[in-house]
Amino acid sequence: MRIRCSSLCVLVAAVSLLVPQPLLGGWIEDGIELDGAPYDQGNVSVIGDGEGGAVVVWMRGLNEGGYLKGDIYAQRLDRWGNSLWTSGGQPICVLTEDQTQPKIVADGEGGYIICWTDLRPTTHTDIYAQRIDADGTPLWTTNGVAVCTAAYGQGNPVMIPFEGGGAVIAWQDTRSGTNYDVYAQRVSNAGSMLWTADGVAVCTDPSFQEQIRIAPGSDGGTNVVWQDSRNGQYDIYANYLSASGSPNWGTSGNCICCDPASQSSPEMVSEGLGGAIVAWVDMRNGNADIYGTRVYYGSGYWGAGEASSICSAAGNQNYHSIERYGVYGAVVAWRDERGGNVDLYAQRIDVSNNRYWATDGIAICSYVGTQAIEDIAEDGAGNLVFVWFDTRDIYNDLYAQKVDGDGAALWDPRGVPVATERYNKCYSKAAADGDGGVIVAWQDYRSGDSDLYAQRIDAVGCWGYPSPEITSIADVPGDQGGALSVEWTRGELDVFPYEVITHYSVWRSLSDPETAAALSRGEKSVDPVDLAPDFEGRAYRFVTLDGATYGWEWIGNVPAHRLETYAFTAPTLFDSTGTGDGWHHFFVSSHCDDPFAYWDSPPDSGYSVDNLSPEPPAGLAGEQQHGPEGLLLTWAPNIEEDLFGYRVYRGLSSDFIPGEGNLLAALPDTLLLDDEWRWDEGYFYKVSAVDVHGNESGCALLSPSQLTGDEPGDVPSAVFLAQNWPNPFNPGTTIAFGLKERGHTSLRIYDAAGRLVARLVEETMPAGRHTMVWDGRDRNEAPAA
């Protein structure tokens, strides 16, 4: 095995491995094949679907009657790497003529708009578009609607979504017959063209306008830039289109960089304030450097000549890419030759021309071989993922690196491989998956032709989706609380023939006081790779975020058996009750034999409930009392460990319903004197047991016919001492006795050896029948033997 990647994440560092390719669906090492049809597939474009997956659009190469042509196909991948649309791709446009250069954007309503260059008239290329829903179903005319069918030819379309729905498309246009001009059109979600038929003219200067790029502007407008040859070499020009398609600088545009040397290959991204940041290749210093500016309503705003150096290091810098970063900023990456090698460098900038990383940028990858940027994607958590082609192993392979806002690499300093299968990979595009990772699609020559492949690189730099995922945290039914059933789906490497995962560990969160206590007694974060399958003892993991430290404790391991799902009964620290919530948080880690590899699931939560009631009290009895007057109710103690106490209810029939209106008392003891009782009332009594979580048992019933005792004034003819009840007992028993006449009375408890244990009565008492309750304690209040 080869170590695949390593990184720090919110909970832990995680690592993945290269292992043999499995014969099953979903992500696999070196990517899944999206389209392996004969002839070449290319022109790939990709966009995240907002649900952890992505939509990929491409040109499929075909041979129809000896004529090589392309059709437009699309496929949606879920986070697990499964194709959600037609196997091999959903047809978007499959006419006999040639269709190429597809682009895709979101339509703002859960679907997508795709545009492309189309040769269906067979005399010149036009621009067409199609809208599809989340299931890949076309919503407009079969094979798309015409965006522009003007004379001669149109090509190289670029597209951005329009706020509120629809899209803006710009393209290179030769309707003038001799030169390349810039035209644009806005299309609605209904498939209607909202600007001038065949597009509005952005620039029609009698020269060549190429390498068109567009970005959203303020007030629904669109920023447009291009390279322009009107001055004898390429310069950078711009224009601004209002929401209605009106160009701010007429049909000539405005020069934002016209240095006497050549400026070419502009790349642009919105900066969030209605303008855009543009970067290009600039030859003013005698070699290729990277320069840039901010454009706003078609005007440049940085430095002398409206441009500023992003990198002017020795050697050539070119083949650059740009991505928006955070609020009002961007990151530019490029191919760099400053050290005699061909490396990958980048710089972070903002609208005020501030540089956040080292002068002339930082090295994203300076490993052996050639590194050249392919694409950049922001991960949604303040980090950027760079994807590049890399020749360290002879062929053009694909590698990636995640960098935070300070320019620190978060994965292996050499980058993590996206695809390293033999033969070349190129023209890759990446889209954030919404989970901190990216999905990359590319052209791949491993079969001899150019096929289409894709791969997911997760938030910690591992290919595919290797971590387990908690699917349920539920109360264990029919228990006394204190436990939850944690269920999860296996990690993607816990399958045949991988068998990489050896076991899973389950972790429970600590409260803030528990975390502080653990740290105060010197507990340290354990390295999860030390948790062997047979680990026993205590283990903690601590994470500090924004100055606060959070703790997790290990509660158990589960062996891996290549099951689809696993479960673990996790103990809780407390249960949920009516007076307090009992939420607990858990996550699951998967482990393998490699000394650096483990993967954490996202945390999830649940609570435990005691849903078993105590048994009804036994031995309920009632006896008349005379000193004081009333009815003494007694019953045997319950044995449940979580018992809270008892409830005594009183009614006038055996079928009365216990409730708050007839609750006589709630008490922790097993006896109660009802001083309102009289023989002629005919009271019925019900007694229940209640546990600490509020579960109440059924009721024991005591009827008037079951009561014992005499009417007041019934004096026994002789002194007597009755058998105590219950006997045996634990912890209390009732002792009945009678007095023939008033006098000093002594009631004492002795053990079998004749030693005094307890003194219950030592006083003058009236004639009559009496009862006393002994709680089983001696004269020192200690439990008697």
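Since this is a predicted model, take the numbers as computed values, not measurements. The numbers attached to residues start from 1 for each chain and follow its sequence in the written order. Only residues with pLDDT of at least 70 get local features here, since the model is predicted, and only at 80 or more are side-chain atom pairs given and counted; chain-wide, interface and lining totals rely on the full set of residues. Only hydrogens and water are set aside; all other atoms, that is, all heavy atoms of the structure, feed into the side-chain values.

Caption draft 1: Expanded view of the overall build of the protein chain. By definition, any uninterrupted DSSP run of H or I lasting at least four residues is a helix, any uninterrupted run of E lasting at least two residues is a strand, and each is numbered from the N terminus. From N to C terminus, the protein chain includes one helix and 56 strands. Based on C-alpha atoms, the radius of gyration is set beside the globule rule, defined as 2.2 Å times the residue count to the power 0.38. Over its C-alpha trace the protein chain gives a radius of gyration of 40 Å, far above what one expects of a compact globule, namely 28 Å for 785 residues. Its C-alpha atoms give the protein chain principal-axis dimensions of about 135 × 55 × 50 Å. Note on classification: 1.4 Å probe, protein chains only; a residue is buried when its accessible area is under 20% of the maximum for its type, exposed when over 50%, partly exposed between these limits. Here the protein chain holds 785 residues, and the buried ones make up 53% of them. Contacts are assigned to residue pairs that have any heavy atoms within 4.5 Å of one another. Intrachain contacts of the protein chain at a sequence separation of at least 6 include 52% that bridge at least 24 residues. Carbon and sulfur atoms make up 50% of the accessible area of the protein chain, which amounts to about 32,900 Å² in all. Computed over 47 positive and 106 negative side-chain charges, the separation of the two mean positions in the protein chain equals 3 Å. The accessible surface values rely on the Shrake-Rupley method and a 1.4 Å probe; as for residues, cover is taken only from the protein chains in view. Working convention for charge: Lys and Arg count positive, Asp and Glu count negative, and His plus the chain ends are omitted. Charge positions come from single atoms, namely NZ of Lys, CZ of Arg, CG of Asp or CD of Glu.

Caption draft 2: A look at the nonpolar core. Ranked by size, the top nonpolar core spans 55 residues in total, and within it Trp27, Val56, Val486, Trp488 and Phe586 carry the most contacts. Setting aside anything within four residues of it in sequence, one finds Val486 in contact with Ile470, Ser472, Ile473, Tyr566, Ala567, Phe568, Ala570, Phe586 and Val588. Joining through side-chain atoms within 4.5 Å is the link that ties buried Ala, Val, Leu, Ile, Met, Phe, Trp, Tyr and Cys residues into a set, and such a set is a nonpolar core.

Caption draft 3: How the structure looks around the state of the cysteines. Criterion for a disulfide: a pair of cysteine sulfur atoms within 2.5 Å. Using the criterion set out here, one finds one disulfide in the structure. Each sulfur in the disulfide pair Cys255 and Cys258 lies 1.6 Å from the other. Here Cys255 and Cys258 share a disulfide; its torsion about the S-S bond, 130 degrees, makes the bridge right-handed. Judged by relative accessible area, Cys258 falls into the partly exposed class, the value being 35%.

Caption draft 4: Highlighting the sheet that holds strand E36 (residues 469-475). Strands are treated as partners if at least two bridges between them are detected by DSSP. One open sheet accounts for three strands, arranged E36-E37-E41; its pairing is antiparallel. Looking at strand neighbours, the two that pair on one side only are E36 and strand E41 (565-571), the edges of this open sheet. Pairs of neighbouring strands in the sheet enclose a mean axial angle of 20 degrees, with direction left out of account. Sheet analysis places strand E37 (residues 483-489) next to E41, joined by seven bridges and oriented antiparallel. When the bridges of E41 are listed, Val486 appears paired with Phe568. Orientation is described by lines fitted to C-alpha atoms, with helices fitted over the stretch in contact, and by angles between N-to-C directions that extend from 0 to 180 degrees.

Caption draft 5: Looking closely at the packing of aromatic side chains. Under the pairing criterion, centres of Phe, Tyr and Trp rings, with the six-membered ring standing for Trp, must be within 6.5 Å; the plane angle then separates stacked pairs below 30 degrees from edge-to-face pairs above 60, leaving the rest tilted. Taken as a whole and judged by the stated rule, the model has 18 aromatic pairs. On the basis of an interplanar angle of 75 degrees and a centroid distance of 4.8 Å, the ring pair of Trp552 and Phe587 is categorised as edge-to-face. With Trp552 in strand E40 (residues 548-559) and Phe587 in strand E42 (residues 583-592), this residue pair connects regions lying 35 residues apart in the sequence. A residue is classified by how much of its surface remains accessible, and Trp552, at 9% relative accessible area, is buried. Aromatic pair Trp635 and Tyr646: ring centres 5.6 Å apart, planes at 65 degrees, arrangement edge-to-face. Linking Trp635 in the loop between strand E46 (629-634) and strand E47 (643-651) with Tyr646 in strand E47, this pair joins segments that are 11 residues apart in sequence. No difference in accessibility class separates Trp635 from Tyr646, as the two residues are buried. Chaining the aromatic ring pairs together yields one cluster made of Tyr240, Tyr296 and Tyr297. If you follow Arg230 out to its NZ or CZ, it ends over the ring of Tyr237, 3.9 Å from the centre. Lysine NZ or arginine CZ positioned within 6 Å of the ring centre and within 35 degrees of the ring normal marks a charge as sitting over the ring.

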